[in-house]
Amino acid sequence: LPALFKQELQNTEAEEGGTATLRCELTKPKAPVEWRKGDTTLYPGLKYEMKQEGSTAELVIYDLELDDS
């Protein structure tokens, strides 16, 4: 069976230049997660950090810009 969202992403507000953390909970632990913004796949680097522990996946976005909304 495919992994489903137990808890979907919530809207988050943050200041420009700050950091935002987006978090979701899945029905399957360690299910592969692909973070996207529109049609663009996001990859770890200076701007994005991806974390996954059990069934919880997080995306941390650093140095926020208006473009990140």
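Since the model is a prediction, treat every value here as computed from it, not as a measurement.

### Some details on the nonpolar core
So, step 1. In terms of nonpolar packing, the biggest core is built from 11 residues, these being Ala20, Cys24, Leu26, Ala31, Trp35, Leu42, Tyr48, Ala57, Leu59, Ile61 and Leu64.
So, step 2. Among the secondary structure elements, those contributing two or more residues to this core are strand 2 (20–26) and strand 6 (56–61).

### Here we look at the confidence of the model for the protein chain
So, step 1. Taken residue by residue, the protein chain gives an average pLDDT of 92. The fraction at 70 or more is 100%.
So, step 2. Least confident of the elements in the protein chain is strand 1 (residues 5–7), whose mean pLDDT is 84; most confident is strand 5 (residues 48–53), at 96.

### Describing the environment of Asn11
So, step 1. Within the secondary structure layout, Asn11 lies in the loop between strand 1 and strand 2.
So, step 2. Judged by relative accessible area, Asn11 falls into the exposed class, the value being 84%.
So, step 3. Separated by 58 residues in the primary sequence, Asn11 and Ser69 place their C-alpha atoms 9.9 Å from one another.

### Quick notes on the layout of surface pockets
So, step 1. As a volume, the largest pocket reaches approximately 500 Å³.
So, step 2. Taken together, 22 residues make up the lining of the largest pocket; nearest its centre are Thr12, Leu22, Ile61, Asp68 and Ser69.
So, step 3. Of all elements in the fold, only strand 2, strand 3 (36–37) and strand 6 reach the threshold of two or more residues within the lining of the largest pocket.
So, step 4. When its residues are assigned to classes, the lining of the largest pocket shows 11 nonpolar, four polar and seven charged.
So, step 5. Within this model, the second largest pocket holds a volume of roughly 180 Å³.
So, step 6. Forming the walls of the second largest pocket are Ala3, Leu4, Phe5, Leu9, Cys24, Leu26, Ala31, Pro32, Val33, Glu34 and Trp35.
So, step 7. Here the residues of the lining of the second largest pocket sort into 10 nonpolar, no polar and one charged.

About the cut-offs
- Residues numbered from 1 in each chain as written.
- Predicted model: local features only at pLDDT ≥ 70, side-chain atom pairs only at ≥ 80, totals over all residues.
- Heavy atoms only, no water.
- Core = buried A, V, L, I, M, F, W, Y, C linked by side-chain atoms within 4.5 Å.
- Buried < 20%, exposed > 50% of the residue type's maximum accessible area, 1.4 Å probe, protein only.
- Helix = DSSP H or I, 4+ residues; strand = E, 2+ residues; numbered from the N terminus.
- pLDDT = per-residue confidence, 0-100.
- 1 Å grid on protein atoms, 1.4 Å probe; cavity = no way out; pocket = protein on both sides within 12 Å on 5 of 7 lines; lining within 4 Å.
- Points joined across faces, edges and corners; volume = space filled by probe spheres on them.
- Nonpolar A, V, L, I, M, F, W, Y, C, P; charged D, E, K, R; others polar.

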